[in-house]
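Coordinate analysis (summary)
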Amino acid sequence: MRGKRITLLVTGSIEAYKSVELLRRFTKAGAIVKVGMSKAATSFVGPLTFEALSNSPVATDVCDIASERAMSHIDLADNCDVCVIAPATADIIAKLAHGFADDIVSATALACTTPIVIAPAMNVNMWQNPATVANIKTLKKRGMHIVEPGNGELACGYTGEGRLADLDSIELVTSRYCSRGDLQGVRVMITAGPTWEQLDAV
C-alpha cells in the first residue's frame with residue numbers, strides 16, 4: 001500500500017469506530033488516506049479523530065459551502081487508487097445500487113472510477129432482506145467488491161450475519177486492489193527448467 005491513495009468512506013453504523021483502526025492500518029502501511037463521513041457516521045465517531053490520524057480534513061457534507069468550493073466529493077473520487085466504504089449500511093448500499101448522490105458518501109462513490117470495496121454492517125434481518133440481497137447483487141455485477149459481513153452477536157442483540165468483516169480481510173482486499181496494474185505491459189516468460197532425456201544405450 002505504500003504511496004497508494006485510499007479514500008475511506010464511513011457511514012452511520014455502530015461499527016464506525018472500527019473504521020478508525022482501519023484508517024490507522026492503512027496509514028501504517030504507508031497509504032495516503034482521505035476520509036469522507038456521512039452525517040449519521042459523525043454521531044458515532046467525531047471527524048476530528050479521523051483528521052488527526054489521516055492528517056487531512058474530513059469531508060462530511062456535500063452541501064457545505066467551504067467544502068464544495070473545493071468540490072470535496074470529486075476530490076475524494078478522483079484522487080484515489082481504491083475507495084473503501086466501511087462500514088456500509090443498508091441505506092448506502094441501496095443508494096449506490098440506484099444511483100443516488102444526496103450525501104458525501106454516495107456522491108463520492110457515484111463519481112468514483114477506481115475500484116470500490118464495500119464492507120457491509122447491519123442487522124441480520126436487514127442483511128437478509130430481499131431488497132438488500134438484490135442491491136448487493138447489483139453492485140457485484142457492476143464490479144464492486146463486497147467483503148461479506150461476519151457472523152456472530154450483533155450490537156442490536158441479534159445473532160447472525162451482519163457484523164463488519166474482520167479488519168484483516170478488508171485490509172487484504174484493499175491491498176490487492178492497490179497493487180493491481182503494477183505489472184501491466186510487462187512481458188513475462190515462465191520456464192519449468194530443461195528437458196532431461198536418458199542417454200542412448202549405445
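A few points on the structure.

Rules of the game
Residues numbered from 1 in each chain as written. Predicted model: local features only at pLDDT ≥ 70, side-chain atom pairs only at ≥ 80, totals over all residues. Heavy atoms only, no water. Helix = DSSP H or I, 4+ residues; strand = E, 2+ residues; numbered from the N terminus. Buried < 20%, exposed > 50% of the residue type's maximum accessible area, 1.4 Å probe, protein only. Patch = residues over 30% accessible without salt bridge, like charges linked within 9 Å, V, L, I, M, F, W, Y side chains within 5 Å. Areas by Shrake-Rupley, 256 points an atom, 1.4 Å probe, with all protein chains shown as cover. Salt bridge = Lys/Arg side-chain N within 4 Å of Asp/Glu carboxyl O. Contact = heavy atoms within 4.5 Å. Axes fitted to C-alpha atoms, helices over the stretch in contact; angles between N-to-C directions. Parallel < 35°, antiparallel > 145°, perpendicular 65-115°, else oblique. Left-handed = near helix turned anticlockwise from the far one by under 90°. Nonpolar A, V, L, I, M, F, W, Y, C, P; charged D, E, K, R; others polar.

What follows is about unusual backbone geometry. Each neighbour pair has its own omega, and for Ala 86 with Pro 87 the value is -5°, a cis peptide bond. Inspection of the secondary structure assignment puts Pro 87 in strand S3 (residues 82-88). One non-glycine residue with positive phi stands out, namely Asn 55, at about 55°. The topology assignment puts Asn 55 in the loop between helix H2 (47-54) and helix H3 (65-69). On the basis of relative accessibility, which here comes to 73%, the residue Asn 55 falls in the exposed class.

Together, Val 186, Val 188 and Ile 190 make up an exposed nonpolar region whose accessible area comes to about 350 Å². If you trace the backbone, Val 186 turns up in the segment after helix H9 (167-179).

Its place among the elements puts Thr 174 in helix H9. In this view, Thr 174 contacts Met 1, Ile 6, Phe 26, Val 82 and Val 84; residues no more than four positions away in its chain are not counted.

With that settled, the discussion passes to the packing of helix H5 (residues 90-98) against helix H8 (residues 130-141). Interhelical geometry of H5 versus H8 gives an angle of 50° and a closest axis separation of 9 Å. With respect to each other, H5 and H8 are oriented oblique. For the pair H5 and H8, the crossing hand works out as left-handed. Facing H5, whose interface residues are Ala 90, Ile 93, Ala 94, Leu 96, Ala 97 and His 98, H8 presents Thr 132, Asn 135, Ile 136, Thr 138 and Leu 139. Residue composition of the contact of H5 with H8, grouped by class: 7 nonpolar, 4 polar and no charged.

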